[in-house]
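# Coordinate inspection notes
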Amino acid sequence: MSNTPFAPRDRGWHPPAFHEPYRSTHLRAPQQKLLKMPQSASELSGPVFGHDLIGELDADLIHNFAASGEAAIGQRTIVHGRVLDENGRGVPNCLVEVWQANAGGRYRHKKEGYIAALDPNFGGCGRFITKEDGSYSFRTVKPGAYPWPNGPNDWRPAHIHFSLFGHAFAQRLITQMYFEGDPLIDLCPIVGSIPSREAVDRLIAPLDMEATVPMDARAYRFDIVLRGRDAALFEHEQEGM
Amino acid sequence: MGQLKESPSQTAGPYVHIGCVPNFAEVTGVYPADLGQVIARDEAAGQRITIKGRVIDGAGAPLLDAMIEVWHADANGVYASQEGADPHVAGFGRVAGDQDTGVFEITTIKPGSIGDEHAPHLSLWIVARGINTGLHTRMYFAGDPLNAVDPVLLAAGDRANTLIAHPDDGGDFVFDIHLQGPAETVFLDM
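Reading guide: rules and limits
- Residues numbered from 1 in each chain as written.
- Chains lettered and ligands numbered in written order.
- Predicted model: local features only at pLDDT ≥ 70, side-chain atom pairs only at ≥ 80, totals over all residues.
- Heavy atoms only, no water.
- Helix = DSSP H or I, 4+ residues; strand = E, 2+ residues; numbered from the N terminus.
- Rg over C-alpha atoms; globule rule 2.2 N^0.38 Å.
- Buried < 20%, exposed > 50% of the residue type's maximum accessible area, 1.4 Å probe, protein only.
- Pairing = 2+ DSSP bridges.
- Lys, Arg positive; Asp, Glu negative; His and termini not counted.
- Salt bridge = Lys/Arg side-chain N within 4 Å of Asp/Glu carboxyl O.
- Contact = heavy atoms within 4.5 Å.
- Buried area = accessible area lost by both parts, 1.4 Å probe.
- Polar contact = N/O pair within 3.5 Å; in protein donor to acceptor, adjacent residues only side chain to side chain.

## What to know about the overall build of chain A
Within chain A, the regular secondary structure consists of 3 helices and 12 strands. Since a compact globule built from 241 residues should have a radius of gyration of about 18 Å, the 19 Å found for chain A is in line with a globular shape. Principal-axis analysis of the C-alpha atoms places the extent of chain A at approximately 60 × 45 × 35 Å. Every one of the 241 residues in chain A was classed for burial, and the buried ones make up 56%.

## Section: the sheet that holds strand S9 (residues 173-179) of chain A
All names here are of chain A. In spatial order, the strands read S4-S3-S8-S9-S10; together these 5 strands make up an open sheet with mixed pairing. Each end of this open sheet is capped by a strand with a single partner; those strands are strand S4 (125-129) and strand S10 (204-205). Note: strand S3 (residues 95-99) against S4, 5 bridges, orientation antiparallel. When the bridges of S4 are listed, Glu97 appears paired with Arg127.

## Comments concerning the side chain of A:Asp60
Within the fold, A:Asp60 resides in the loop between helix H1 (41-44) and strand S2 (76-85). It turns out A:Asp60 is buried and unbridged, and the closest side chain with the opposite charge, A:Arg139, is 5.9 Å from it.

## Some remarks on the interface of chain A and chain B
Of the residues lining the interface, 85 residues belong to chain A; the matching set on chain B comes to 71 residues. Both sides together, the interface formed by chain A and chain B hides about 6,900 Å², and carbon and sulfur atoms give 56% of it. On the chain A side of the interface with chain B, the three residues burying the most area are A:Arg28, A:Leu35 and A:Phe169, jointly 13% of the side's total. Summed over the shared surface of chain A and chain B, the result is 9 salt bridges. Its salt-bridge partner being A:Arg172, residue B:Glu69 comes within 2.6 Å of it at the nearest N-O pair. In this structure, the connection of chain A to chain B is made through 46 residue pairs in polar contact (both at pLDDT 80 or more). Elements that contribute at least two residues to the side of chain A that touches chain B include exactly strand S1 (35-36), H1, S2, S3, S4, strand S8 (159-164), S9 and strand S12 (224-226) of chain A. With 5 residues, S9(A) is the single largest residue contributor to the side of chain A that touches chain B.

Following this line, the structure appears as structure tokens:
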């Protein structure tokens, strides 16, 4: 494992902690500036998860919670892409965990308040580890949009949550994937917390007809970028401390 | 270098447990066990400790939907992915607060110093609804002599006390994380 430090995170590209239209940030956004610090082994190392962690159906949300011989209801969907670092290199052996609502927009959670039906054959979680070139693929059903208690009538666009471990604790990232063409994307206060349209576009997966399986599943392509290691930038940062 | 930009972070939302600790969220039968439940096995070298705490919002209420990840070195200051680490210390843990009280509990061993004058500490990462980018912080131990020279505690200045856990009457460490207010925890940009 390389111990080269990571380039600093561009905080202006990520959503600010406080975003007025997203009400939950009001009492939860730290108000003090984040403390800049040099990276140590704490940040440059990270837990390692092997391929043997992954069960046979972990990357198949259509079947991993379903009764034998049954399947989740919804638009059968393949999501695939690559996990890269900021230098454009594939990130192999990256544990990715995903979770989502069912095709009706309801989560399997006791605090979920939406009245859409639960699908008895859909749990809503999956995981996989990226291959040598950083590529991954999983199967699911397209999640539904759902209303949430924020403004008087806010709806979340269809989305899948992604949690990623790179090779270091500093690379830890949770993000969300949206689906091309969804009109709710531009109305969502959580999407709207991202400052630039260019950055939002990075979270919108295009339909990928080439990867569809005829008479089975449509496909969306979603590439994810984690922080990259960069010695030169880091030295520059340290000088400024 | 730097041809690509990091994917923008988005909140983990209120249902992060479905994805990260599904058995805790009562989505059972998918994974045999949730990740990060055993940070240090009984055989691990070092002093066994329990840390109890809450994540508290700007109104003084504990978060009931947070997930905290822990990453720390073994008793000799070596991380699990480094050479020579104690094979009984995973160093990585995931804890969710109690769904009624928000109290989380971390059971592990006290890590050693990782060198370069870093005092023994746990790295923590906090996600929840309303947290747009996961928050990194560190937890240190009251009374450790290295605290006086630790670079992060020094940089934190008069807010360094927000990073220090204190033992209670029973010997467990108590560490509350404040997202806002006069006791706001120091969060790290590293």
